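# Structure at a glance
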Amino acid sequence: MSKDMSFEAVMGRRSEIMKKAIGIDYDAFESDGIVFDYEKMMRETGYSLQEIERIQKETGVGNTPLLELKNLTELARKYAPEGKGARIFIKDEAANPSGSFKDRRAATACYHAQRLGYKGVVAATSGNYGAAVASQAAMRGLKCIIVQECYDSRGVGQPEIIEKARKCEALGAEVVQLTVGPELFYTFLKILEETGYFNASLYTPFGIAGVETLGYELSMQFREREGKDPDAVVITNAGGGNLTGTARGLIKAGASHTQIVGASVDLSGLHMASDTQFNKKSFTTGHTGFGVPFATWPDRSDVPRSAARPLRYMDRYLLINQGSVFYMTEALAQVQGIERGPAGNTSLAVAFSLAQELDEDKIVVAQETEYTGAGKHIQPQLSFAKENGIKVEIGDPEDEVPGKNIVLPKDPSYIKAKDTDINKMRKSYIKNCIKHSNAKKVTDKDIKFLAEETKTNEQFVKEELKELNIIY
Amino acid sequence: MDAKKGTWVRIHNIVLKSEERSPHLPEDTRKVPLEMWVKGFLLNDEANIGDMVEVETYIGRREKGKLVEVNPYYTHSFGKCVPELLYIGRQLRGIISKEGDR
C-alpha cells in the first residue's frame, strides 16, 4: 500500500521523518517546562573543535586569509571624531571551496552523513549553503538535492538565487525549485522520506559547530599577527548560525573581551512569505526578515531544537540599509581591489560605521565575504530591482523604504548603522518561550535557562515574567 | 516531436493548489498555487512541450510533470549598466588621495 502523501499526512509524519533524516533524538535534551540542555546537545551530538578542524582540512575548508583594509580604514577615519576610527579587517571566507563560510557548516554535515552511512544529503536553502552542501557532497561521493524557494507566481526569480541554482547543478546536485511559501517544508519532507537521505539542516549541532572554527581562527590569526584578540567581530545575522558558531569559537579560544556584533540589512515592512513582495527585496539573506524572527524564536527552523541561538551571544545588533551595502561592495572593489558578492558585505558596511565609534588602536573585523559572479553582483541585482519597480537613488539612506527604493549614500559620511533595541528582542524571546510552552508557572531552572538564552540575568528575566503575569 | 528519451528537459508541476495551501499565508500568496520545477533526462520515448512526462533527475530520482523546456539553460547575467553606481569609485579615490597625499 502506498503512503498518504497529502499535505496533512506528510506534515503529520514530520517528527518521524526528521528523526530518521538527522539521527538525533532531541527528546534526550528536553525536560519539563521551558528549559532544555543546550550545552549537552552541542556536546553529545556535535564534534570537538579539534575534530572539526581535521574534518574541514580533509576537504580544504577554513584557514581563510585575514586581510587588513587600510584604505577603508583611512576613509572611515575621515568621518570619525578625532582619535577614533578602528582598523578594519575582513576574513576572506570566499576563499573556501564553494565560495562562502557556509562550507564550514556543510563540511561537518556531509562528514556526519557519510559516517552514518547515508547515501545522500538534502538541504532546504536558497542561499550559499546549497552550493556548500553540493560541493562537500561531491568531495565525499554523496548524492545531493537542494530545495530552493526561487520564483514568484509569475515565474520570475531573483538573479542571485538563479545563480546559486546554477552553481549547485555545476557541482552535480539536483535542484528542486519552488515558488514562494513556507510549504517548501512539505516538499522537503517528501523528498527526505522518499530518498532516505540525510537532512543537512543549517541548524543541527554539527552544522553550528562547523562555524566555531571561524571564531577560533579569528582569535588565533589576530594573536599571531597583532598580539591580541579583535575588539569587535561583526557577523551578518539571518538564521543565527553564523553568529552562534563564530561566538562559540571565540569563547573556546578564550577571547572573552571581544564584542559580538550582529549585522543585518534592514528590510522591515516586507513580508517574507508574500508572493508579490518576494522580488521587491534586493537581499535574499542576511536581512531582518530572517534575523529578527529567528533570534526571537530560534526553534522555528527545520529541526526540533535549533543549535543556532544568537541571543545567547549577541552584544549588539546593528542594521544597515540596502544602498549602503551596495556602496560598500563597490568600495571594496574600487579602493581595496577585492571584488566580492554584496550579501557577504553586510557586515563590512556595518563594520565601517562601527569603526568610527571605536578608538584608532582598536580592531574591528567583518568575518565573511562571499563569491561574486553573474546574478550575484551589484549590477544584476540593481538592474533587477529597477525591473521590479524599485527606484535606485543617490541620497540619504534614511529615506530608504524597503520594497519602494534603494538609496545609495551620497558620500561615505551617510553610511550609518543603527542599533536595534536588543532588550526588546530578549523580552520577545522570553514571551515566545512562554507562549510555545503554555507555561503558567516557571521554575528556577527555567529562569536560569532564560537568562543564559538572552545573555542577561535572573533579575531581567523575572521582570519580564512579571510583565507577562507568570508565576515564579 | 520536441524531445526523445534521454533528452535533458525541465518539467513543471503544481505541488499545492491555492485552496490546499497553508492558512497562515499572506493573502497574495494564498491566491496562487505552490509550483515546482525540476530538471532531468526524459524517460518517455518521445514528448512535446506541454505533455505530462516522467524524468530521471541528475542524481537518479524520478519525478513527473509537464514538459516545459528542452535542453534548459541559464540566462542570468551581469545585468544592465546601472549609471547610479558610477560615482562611487571616483568619489572614494578622490577622498582618499586628498587625505593621503599619494
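Calculation criteria
Residues numbered from 1 in each chain as written. Chains lettered and ligands numbered in written order. Predicted model: local features only at pLDDT ≥ 70, side-chain atom pairs only at ≥ 80, totals over all residues. Heavy atoms only, no water. Helix = DSSP H or I, 4+ residues; strand = E, 2+ residues; numbered from the N terminus. Rg over C-alpha atoms; globule rule 2.2 N^0.38 Å. Buried < 20%, exposed > 50% of the residue type's maximum accessible area, 1.4 Å probe, protein only. Axes fitted to C-alpha atoms, helices over the stretch in contact; angles between N-to-C directions. Parallel < 35°, antiparallel > 145°, perpendicular 65-115°, else oblique. Left-handed = near helix turned anticlockwise from the far one by under 90°. Contact = heavy atoms within 4.5 Å. Phe/Tyr/Trp six-rings, centres within 6.5 Å; stacked < 30°, edge-to-face > 60°. Lys NZ or Arg CZ within 6 Å of the ring centre and 35° of its normal. Pairing = 2+ DSSP bridges. 1 Å grid on protein atoms, 1.4 Å probe; cavity = no way out; pocket = protein on both sides within 12 Å on 5 of 7 lines; lining within 4 Å. Points joined across faces, edges and corners; volume = space filled by probe spheres on them. Core = buried A, V, L, I, M, F, W, Y, C linked by side-chain atoms within 4.5 Å.

Per an unreviewed UniProt entry, chain B is named 2-amino-4-ketopentanoate thiolase, and its organism is Acidilutibacter cellobiosedens.

### Focus: the overall build of chain B
Each helix and strand counted, chain B has two helices and six strands in total. When its helices and strands are written in sequence order, chain B yields β-β-α-β-β-β-β-α. Taking 13 Å as the expected radius of gyration for a compact globule of 102 residues, we find that chain B reaches 24 Å, considerably beyond that expectation. Its C-alpha atoms give chain B principal-axis dimensions of about 70 × 40 × 25 Å. Burial analysis of chain B (102 residues in total) assigns 43% to the buried set.

### Section: the packing of helix 6 (residues 102–115) of chain A against helix 7 (residues 128–140) of chain A
Residue and element names in this part refer to chain A. Two numbers describe how helix 6 lies on helix 7: the axes approach to 8 Å, and their chain directions differ by 40°. By the angle class used here, helix 6 and helix 7 are oblique. Read as a crossing pair, helix 6 and helix 7 show a hand that is right-handed. Packed against helix 6, whose contacting residues are Lys102, Asp103, Arg105, Ala106, Ala107, Ala109, Cys110, Tyr111 and Gln114, the element helix 7 presents Asn128, Tyr129, Ala132, Val133, Gln136, Ala137 and Arg140 at the interface.

### Considerations on the packing of aromatic side chains
Geometrically, a pair of aromatic rings is defined through the distance of the ring centres and the angle of the planes. Across all of its chains, the model carries 17 aromatic pairs over all chains by this definition. Arranged with centres 5.6 Å apart and planes meeting at 75°, the rings of Tyr47(A) and Tyr111(A) form a pair that is edge-to-face. Here Tyr47(A) is found in the loop between helix 3 (38–45) and helix 4 (49–58), whereas its partner Tyr111(A) is found in helix 6, with 64 residues between them in sequence. Each member of the pair, Tyr47(A) as well as Tyr111(A), carries the same accessibility label: buried. Taking the centre distance of 6.2 Å and the plane angle of 35° together, the rings of Phe41(B) and Tyr58(B) count as tilted. One end of the pair, Phe41(B), is in strand 3 (residues 34–42); the other, Tyr58(B), is in the loop between strand 5 (52–56) and strand 6 (62–70), and 17 residues separate them in sequence. Through successive ring pairs, a cluster of aromatic residues spans Phe36(A), Tyr38(A) and Phe449(A). The ring of Tyr203(A) carries Arg105(A) above its face, with NZ or CZ at 6.0 Å from the centroid. Of note, Lys167(A) hangs over the ring of Tyr371(A), and the distance from its end group to the ring centre comes to 4.1 Å.

### Focus on the sheet that holds strand 1 (residues 66–68) of chain A
Residue and element names in this part refer to chain A. Spatially, 1-2-10-7-8-9-13 is the arrangement adopted by the seven strands of the open sheet, whose pairing is mixed. Each edge of the open sheet carries a strand with a single partner, namely strand 1 and strand 13 (418–419). In this fold helix 13 (residues 322–336) packs onto strand 1, strand 2 (87–91), strand 8 (259–265) and strand 9 (316–320), with an angle of close to 85° to the strand it touches most, strand 9.

### Some points on the layout of surface pockets
Estimates place the volume of the second largest pocket at around 470 Å³. Forming the walls of the second largest pocket are 21 residues, and the residues nearest its centre are Gly157(A), Ile162(A), Tyr74(B), Thr75(B) and His76(B). Of all the secondary structure elements, the ones that give two or more residues to the lining of the second largest pocket are helix 8 (159–170) and helix 15 (378–387) of chain A. Here the lining of the second largest pocket takes four residues from helix 15 of chain A, the largest share from any one element.

### A word on unusual backbone geometry
All names here are of chain A. Look at Asn438: it is not a glycine, yet its phi comes out positive at around 55°. Using a relative accessible area of 59% as the deciding quantity, one classes Asn438 as exposed. Although it is not a glycine, Asn469 sits at a positive phi angle of roughly 60°. Overall, Asn469 belongs to the exposed group, its relative accessible area being 66%.

### Let's talk about the nonpolar core
Ranked by internal contacts, the top residues of the largest apolar core, which has 115 residues, are Val121(A), Tyr129(A), Val133(A) and Val147(A). Residue contacts for Val121(A): discarding those within four places in its chain leaves Cys110(A), Ala113(A), Val133(A), Ala137(A), Leu142(A), Lys143(A), Cys144(A), Ile145(A), Tyr197(A), Phe198(A) and Ala200(A). If you look at the next biggest cluster of nonpolar residues, it comprises 52 residues, including Ala263(A), Ala366(A), Leu408(A) and Ile88(B).

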